[in-house]
Amino acid sequence: MSNRTTNEYGMFVLAKVSRKNLGVKALTNPWELRKFVAPEFVFGVGAIDLSGQYAKNLGAKKVLLVTDSGVEAAGWPARVTQSLDRISIPYVIFDQVTENPKIAEVRAGSALYEASGCNMIIAVGGGSPMDCAKAIGIEVSHRRGIEEFEGVDLVEYPIPPLVCIPTTAGSSADVSQFAIIADTRRITKMAIVSKAVVPDVALIDPETLTTLSSYQVACTGMDALTHAIEAYVSSAHSPVTDLHALEAIRLISLHLPDAVADPKSLDHQGPMMLASLEAGLAFSNAILGAVHAMAHSLGGYYDLPHGECNAILLTGVVAFNYPACPDRYDRIAETMGIELIGYSYEQRLSRLIAAITFMREKIGIPSNMRRHGIKIAEVPRLTDFAMKDACMATNPKLMQRQDVEALYEAII
């Protein structure tokens, strides 16, 4: 019997013990009936210039263009307006979106949409403009505040036609059924999950990544890696999401360090944009896990970059979850190029943790949150919101309050 066969048998026995004794959630039957949701998408250099044609195809009379000041300064919204001008479709620009978009910004965008007589939305930017655009769509179609839709499958009606044009390789909001909005009253983030917010079309142009800073590439790239890892071990994974998750992990492992070192290189930004697409298709359908649940709470309270929060939380959650599905984490490690044959259970976990840590350090993301001045006294509050987050439902191992608190304390 080969080492590989022996390892698989050993992992199977361990997994059965874990389910009985360690609070492990039941794994999905791979042949269960599944729906896979994805928008129409166009991938490649020049995709952004198709925005006018797609707006026409979707019946646009007037477009609300949602973006932010940084993306506007990079020139990408201008490419969209030029495309709209060529087809004589009028538009109004809403560029008041900030990092971690807030309820007040959604309200302002909804008011502008209504006052301007729009019937379609185009979002240009990273996760913040795209999530804000989705939330604006929910508000204008329901005429109710976005805070009423926190949770899963609470969006009752279709939103207006939506085209998303991503300018980062991380959030994957252009293909996902997620919208994340900050609630400044409760000082946390709301996760809104609904097939109704999957965009009609995603125009995915790798060239838009070439105006990012190295740190933006690093944070968004680690967000994509976290999406892929959490989707692959999610209790709601399927054979189709597995294919996309593993390909995303492979591409990110090969290209993220070089993309950070040379952000203007399409040789690396192209594969990173493809990886973000693959990861988005995976997690939109398999959902996520504890890393994102905790990152939403942490980033919402301190208004921090989402990808940085994920990167710093990732190894702690991997170590916690590993007993629930070691075979799945081992496959992730192998996809990252880590040799596992002949290594013990503890060594396999250690090698995976070391590889993730090495990548995070190489691209310049710190190992903890100390520079942000997070107080230990805030851990119970952060834990309250993390435990209620929709992403916690598909974490492969059940988490108790004390587990979440310990993971937060480890990064402060």
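Since the structure is predicted, the reported quantities are computational estimates derived from the model, not experimental observations.

Novice: Account for the side chain of T315, with residues named and values stated.
Specialist: With respect to the helices, strands and loops of the structure, T315 is situated in helix α11 (residues 306-321). The class for T315 is buried, based on a relative accessible area of 14%.

Novice: Outline the packing of helix α7 (residues 214-233) against helix α9 (residues 266-286), listing residues and values.
Specialist: Interaxial distance between α7 and α9 falls to 8 Å at its minimum, and their mutual angle equals 40°. Taken together, the axes of α7 and α9 are oblique relative to one another. Judged by the twist between their axes, the crossing of α7 over α9 is left-handed. Contact residues: V217, G221, A224, H227, A228 and A231 in α7; Q269, M272, S276, A279, A282, F283 and A286 in α9. Of the residues that constitute the contact of α7 with α9, the class distribution is nine nonpolar, four polar and no charged.

Novice: Can you tell me about unusual backbone geometry, naming the residues and giving the values?
Specialist: Non-glycine residue N100 carries a positive phi angle of around 60°. Note on placement: N100 falls in the loop between β3 (91-94) and α5 (103-116). The buried category is assigned to N100, whose relative accessible area is 6%.

Novice: Describe the confidence of the model for the chain, with residues and values.
Specialist: Interpretation of this model should avoid reading the predicted coordinates in detail wherever pLDDT is low. Looking at the chain, pLDDT values average 92 and 94% of them are 70 or higher. Predicted confidence for residues 1-22 stays below pLDDT 50, and this span has 22 contacts to residues more than four positions away or in other chains.

Novice: Could you give me a rundown of the nonpolar core, with the residues and numbers involved?
Specialist: With 87 residues, the main nonpolar core has M222, L256, L298, Y329, I332, L352 and Y408 as its most contacted residues. When residues of this core are assigned to their parent elements, the largest contribution, 11 residues, is made by α7. Every residue in contact with L352, bar those within four places of it in the chain, is listed here: V318, Y329, I332, A333, M336 and I338.

Novice: For the sheet that holds strand β8 (residues 188-193), give the residues involved together with the corresponding values.
Specialist: Spatial strand order, β5-β8-β7: three strands in an open sheet with mixed pairing. Only two strands of the sheet have a single partner each, and these edge strands are β5 (151-152) and β7 (178-183). Sheet topology places β7 next to β8; six bridges connect them, and they run antiparallel. Counted as the bridge partner of F178 is V193 from β8.

Thresholds applied
Residues numbered from 1 in each chain as written. Predicted model: local features only at pLDDT ≥ 70, side-chain atom pairs only at ≥ 80, totals over all residues. Heavy atoms only, no water. Helix = DSSP H or I, 4+ residues; strand = E, 2+ residues; numbered from the N terminus. Buried < 20%, exposed > 50% of the residue type's maximum accessible area, 1.4 Å probe, protein only. Axes fitted to C-alpha atoms, helices over the stretch in contact; angles between N-to-C directions. Parallel < 35°, antiparallel > 145°, perpendicular 65-115°, else oblique. Left-handed = near helix turned anticlockwise from the far one by under 90°. Contact = heavy atoms within 4.5 Å. Nonpolar A, V, L, I, M, F, W, Y, C, P; charged D, E, K, R; others polar. pLDDT = per-residue confidence, 0-100. Core = buried A, V, L, I, M, F, W, Y, C linked by side-chain atoms within 4.5 Å. Pairing = 2+ DSSP bridges.

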